[in-house]
Amino acid sequence: MDIRTQKTFEALFALEDIREVFRQALPNTTSPEDEQAIREGVDKVRKILDDIQSGTGNAEVRKIAGTIDIRSREENYINIQPIQAAGRLTPEARKALLAYGDGYSTCDACRKPFRLDKISNPPIAPFHEELARFVNMDQARVVPGARRGFQAVASTLVSKGDSVVVSALAHYTEFLAVEEAGGVVKEIPLNEKNLVTPDAVAEKIEAVKQETGKLPVLVMIDHFDYQYANEHDVKGIAKVAHQYDIPFLYNGAYTVGVMPVDGKNIGADFVVGSGHKSMASPAPSGVLATTDEWAPKIFRTTQMVGDITKRKFGIKEVEMLGCTLMGSTLIGMMASFPTVRERVNHWDEEVKKSNYFLDGVLNIEGSKVLSEFPRKHTLSKVDTTKSFDTVAQRHKRKGFFLSDELSGKGIIGEFAGATRVWKLNTYGLSWEKIHYLVDTFQDIADKHELQVNRSQLL
Ligand SMILES: Cc1ncc(COP(=O)(O)O)c(C=O)c1O
């Protein structure tokens with residue numbers, strides 16, 4: 001890179017930093033004048049970035065400026081996309097992405113024993129210890145996504161034909177992990193509230209035993225499922241699994257990183273989390289934590305010896321394929337961790353905001369919340385077939401009318417065209433944004449002559 005390009009990059013990153021400071025200040029602003037000043041500041045910086053992007057300068061610089069500008073979707077819009085909310089990166093993680101983009105940049109100081117989780121500069125080894133403490137388990141490894149955590153556990157515990165008990169709302173990646181290991185999933189039916197109960201788990205275990213003559217080898221349950229984000233009684237379920245001496249995998253894809261998770265208290269043998277879903281981390285990232293009892297099995301090291309060379313790679317862990325996350329993915333996760341560790345303490349406030357917003361939606365006649373209500377999570381499933389979809393039926397833009405209206409008001413993230421049954425997530429939105437969301441949904445309803453019961457607003 002020539003010196004001019006390098007200097008321009010530096011200037012771009014400095015501008016980005018300034019914009020980030022503005023952006024961070026926005027949710028904490030109370031006076032409209034300050035908010036206006038901050039918005040103008042963001043606009044000015046954007047304008048400079050736009051000029052660079054569209055100017056005739058160095059193509060490489062234009063390209064990187066373009067990449068940076070993708071971030072405007074977070075600054076200019078309220079994004080209620082269901083699965084992105086808690087995975088959005090912190091400014092620190094964004095910087096780490098650039099600084100540690102080279103794949104093996106984490107490996108400069110890799111010394112004996114040669115393994116990722118043993119590297120102390122950057123402080124990857126202490127990060128692993130902190131991760132284990134964070135979910136109150138004994139040992140942890142970073143993995144490329146929650147799915148790789150399921151895979152490591154299934155590959156260790158499941159042999160051909162073994163049964164694994166999962167929820168009827170289990171994520172598909174649990175199915176795949178079991179299939180790859182040669183096992184079969186056995187689904188626990190839901191009760192009338194779309195919940196998996198400990199009793200239903202016990203019945204399923206008994207049924208599997210009857211049917212196959214063998215107990216299942218693993219029970220794997222999502223604390224909050226991906227469909228309704230209903231809370232399932234994981235502690236009660238872990239207890240049932242242990243009564244049959246079956247290990248319990250806690251799927252915390254929607255919890256680890258947003259709310260406090262205490263694996264020991266739950267009775268989990270394995271805790272799996274998703275970095276890019278709930279830990280403000282780049283994809284693919286996640287965590288697999290376990291107890292001292294299970295660690296030697298799940299994190300077993302290789303026994304393989306080369307038949308000609310007699311080479312051995314003793315310290316490398318088989319399920320981790322030696323090392324897992326490298327470069328910016330891992331450092332991004334680490335960079336966000338202080339924020340993530342702190343933010344779980346504010347989960348109750350996040351849930352309050354989620355309920356406030358949905359109360360506002362429910363005040364629009366015909367709207368329903370399909371998830372358990374009041375909400376215990378920020379991800380929710382709503383049914384607007386009898387409210388907004390009645391407008392869609394008579395609107396020339398059909399099902400797209402709602403997305404058009406919302407994006408016109410700076411709200412994005414719903415699936416365009418889906419105004420019937422859909423999911424959204426309010427995680428991380430300030431109270432100001434939540435109020436704005438409610439007002440906007442109700443204004444759109446008003447405009448299209450749907451009944452809105454504003455008197456019930458808090
Ligand atoms: C409940 C649940 N478990 C697991 C996963 C997979 O997570 P990852 O993408 O980190 O592998 C998802 C992803 O959507 C999910 O919703």
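Residues numbered from 1 in each chain as written. Predicted model: local features only at pLDDT ≥ 70, side-chain atom pairs only at ≥ 80, totals over all residues. Heavy atoms only, no water.

**Some words on the overall build of the protein**
Convention followed: Per the convention used, a helix needs a DSSP run of H or I reaching at least four residues, while a strand needs a run of E reaching at least two, with both numbered from the N terminus. Buried means the residue's accessible area, taken with a 1.4 Å probe over protein chains only, is under 20% of the maximum for its type, while exposed means over 50%, and partly exposed covers the values in between. The contact rule is simple, with two residues in contact once any of their heavy atoms fall within 4.5 Å. For every accessible area listed, the method is Shrake-Rupley and the probe measures 1.4 Å; residues are considered covered only by the protein chains on display.
Counting its secondary structure elements, the protein contains 18 helices and twelve strands. Relative to its full complement of 458 residues, the protein shows a buried share of 51%. Considering only intrachain contacts with a sequence separation of at least 6, the fraction spanning at least 24 residues in the protein is 66%. Approximately 21,700 Å² of the protein is accessible, and the part contributed by carbon and sulfur atoms is 53%.

**Quick look at the sheet that holds strand E12 (residues 421–425)**
Which entries qualify depends on this criterion: Strands were regarded as paired on the criterion that DSSP finds at least two bridges between them.
Read across the sheet, three strands follow the order E9-E10-E12 without closing on themselves; strand pairing throughout is antiparallel. Edge positions in the sheet fall to strand E9 (368–369) and E12, since each has one partner strand and no second. Two elements, strand E10 (residues 379–383) and E12, share five bridges in a ladder whose sense is antiparallel. Opposite Ser-380, over in E12, you have Leu-424 as the bridge partner.

**Remarks on the domain arrangement of the protein**
Rule in force here: Throughout the structure description, domain borders are defined by an automatic or database domain assignment.
The assigned domain composition of the protein is domain 1 (3–59), domain 2 (105–343) and domain 3 (346–456). The straight-line distance from the C-alpha centre of domain 1 to that of domain 2 is 40 Å.

**Section: the packing of helix H15 (residues 347–362) against helix H18 (residues 431–447)**
Put simply, the rule is: In this analysis, axes come from line fits to C-alpha atoms, helices being fitted only over the stretch in contact, and the angle between any two N-to-C directions falls in the range 0 to 180 degrees. Here the angle decides the label: under 35 degrees means roughly parallel, over 145 means roughly antiparallel, 65 to 115 means roughly perpendicular, and every other value means oblique. Each crossing is labelled by how the near helix is turned from the far one, with a counterclockwise turn of less than a right angle marking it left-handed and a clockwise turn marking it right-handed.
Contact geometry of H15 with H18 gives a least axis separation of 9 Å together with a crossing angle of 15 degrees. Overall, the two elements H15 and H18 adopt an arrangement that is roughly parallel. In the packing of H15 onto H18, the handedness of the crossing is right-handed. Taken together, the residues of H18 that come into contact with H15 (itself represented by Glu-349, Lys-352, Lys-353, Tyr-356, Phe-357 and Gly-360) are Trp-431, Ile-434, His-435, Leu-437, Val-438, Phe-441 and Gln-442.

**Brief notes about the UniProt feature "binding site: pyridoxal 5'-phosphate" (unreviewed entry) in the protein**
Under the convention used in this document: UniProt positions are given in the numbering used here, feature names are shortened, and annotations may be inferred rather than shown by experiment. In the analysis that follows, any N or O atom pair within 3.5 Å is treated as a polar contact, provided that within protein one partner can donate a hydrogen and the other can accept it, and provided that, for residues neighboring in sequence, both atoms belong to side chains.
According to UniProt, the positions carrying the feature "binding site: pyridoxal 5'-phosphate" (unreviewed entry) are Ala-146, Arg-147, Asn-251, Ser-274, Gly-275 and His-276. For the residues just named, distributed over 131 residues, the greatest C-alpha separation is only 14.4 Å, placing them together at one site. Considering the arrangement of structural elements, one finds Ala-146 in helix H7 (residues 146–157). If near-sequence neighbours (up to four positions away) are discounted, Ala-146 is found in contact with Val-272, Gly-273, Ser-274 and Ser-285. When you line up the elements, His-276 lands in helix H12 (residues 275–278). Once residues lying within four places of it in the same chain are set aside, the contact partners of His-276 are Gly-87, Gly-145, Ser-281, Pro-282, Ala-283, Pro-284 and Ser-285. At 3.1 Å, the side chain of His-276 forms a polar contact with the backbone nitrogen of Ser-285.

**Here's the deal with the site of the ligand**
We count it as follows: Nearness here has a simple test: a residue counts as near a molecule or strand if at least one of its heavy atoms is within 4 Å of that partner. Basically, the charged four are Asp, Glu, Lys and Arg, the nonpolar ten are Ala, Val, Leu, Ile, Met, Phe, Trp, Tyr, Cys and Pro, and anything else, Gly included, counts as polar.
Around the ligand there are 14 residues in total, and Ala-146, Arg-147, Ser-274, His-276 and Lys-277 lie nearest to it. Side-chain polar atom of Asn-251 to a nitrogen atom of the ligand: 2.9 Å apart, as the coordinates give it. Here His-276 contributes a side-chain N or O atom positioned 2.8 Å from an oxygen atom of the ligand. Its free accessible area being 390 Å², the ligand has 93% of it covered by the protein chains. Sorting the residues of the shell around the ligand by element identifies H7 and H12 as the ones contributing at least two each. Among the elements that make up the shell around the ligand, the one with the highest residue count is H7 (three residues). Across the shell around the ligand, the residue classes break down as five nonpolar, six polar and three charged.

**With respect to the sheet that holds strand E6 (residues 248–251)**
Pairing is mixed across the open sheet formed by seven strands, whose spatial order is E2-E8-E7-E6-E5-E3-E4. Whereas interior strands pair on both sides, the edge strands pair on one side only; in this sheet they are strand E2 (139–143) and strand E4 (184–188). Mean inter-strand twist for the sheet, computed between neighbouring axes without regard to direction, equals 20 degrees. In this sheet, strand E8 (residues 286–290) lies alongside strand E7 (residues 270–274) in antiparallel orientation, the contact comprising five bridges. When the bridges of E8 are listed, Val-272 appears paired with Leu-288. Relative to the sheet, H7 contacts E2, strand E5 (218–222), E6, E7 and E8, its axis offset from that of E7 by approximately 155 degrees. On top of the sheet, helix H10 (residues 234–243) reaches E5 and E6; it is set at about 160 degrees to E6, its chief contact.

**Remarks on H15**
Here is the rule we go by: By definition here, a helix of n residues has an expected span of 1.5 Å times n minus one.
With 16 residues, H15 ought to run about 22 Å at 1.5 Å a step, and its terminal C-alpha atoms sit 22 Å apart, in line with that. Buried within H15 we find Trp-347, Glu-350, Val-351, Lys-353, Ser-354, Asn-355, Tyr-356, Phe-357, Leu-358, Gly-360 and Val-361. Each element contacted by the buried residues of H15 is listed here: helix H14 (327–343), E9, E10, E12 and H18.

**A short note on the pattern of salt bridges**
Just so we agree on the cut-off: Salt bridges are counted wherever a side-chain nitrogen of Lys or Arg sits within 4 Å of a carboxyl oxygen of Asp or Glu.
Per the counting criterion, the structure on display carries 16 salt bridges. The residue Lys-214 makes a salt bridge to Asp-162 at a minimum N-O spacing of 2.8 Å. With Lys-214 in the loop between helix H9 (198–212) and E5 and Asp-162 in the loop between H7 and strand E3 (163–167), this residue pair connects regions lying 52 residues apart in the sequence. A relative accessible area of 45% places Lys-214 in the partly exposed class. Between Arg-300 and Glu-319 there is a salt bridge; the shortest N-O distance is 2.5 Å. With Arg-300 in the loop between helix H13 (295–298) and H14 and Glu-319 in the loop between H13 and H14, the pair connects residues that are 19 residues apart, well separated along the chain. Classification of Glu-319 by relative accessible area gives buried; the value is 16%. What you see here is one network of salt bridges that share partners, running through Arg-115, Asp-117, Arg-141 and Glu-317.

**What about the UniProt feature "modified residue: N6-(pyridoxal phosphate)lysine" (unreviewed entry) in the protein?**
When the UniProt feature table is mapped onto this chain, "modified residue: N6-(pyridoxal phosphate)lysine" (unreviewed entry) is found at Lys-277. Tracing the backbone through its elements, the reader meets Lys-277 in helix H12. We classify Lys-277 as buried; its relative accessible area is 17%. Every residue in contact with Lys-277, bar those within four places of it in the chain, is listed here: Ile-83, Ala-86, Gly-87, Ala-253 and Tyr-254.

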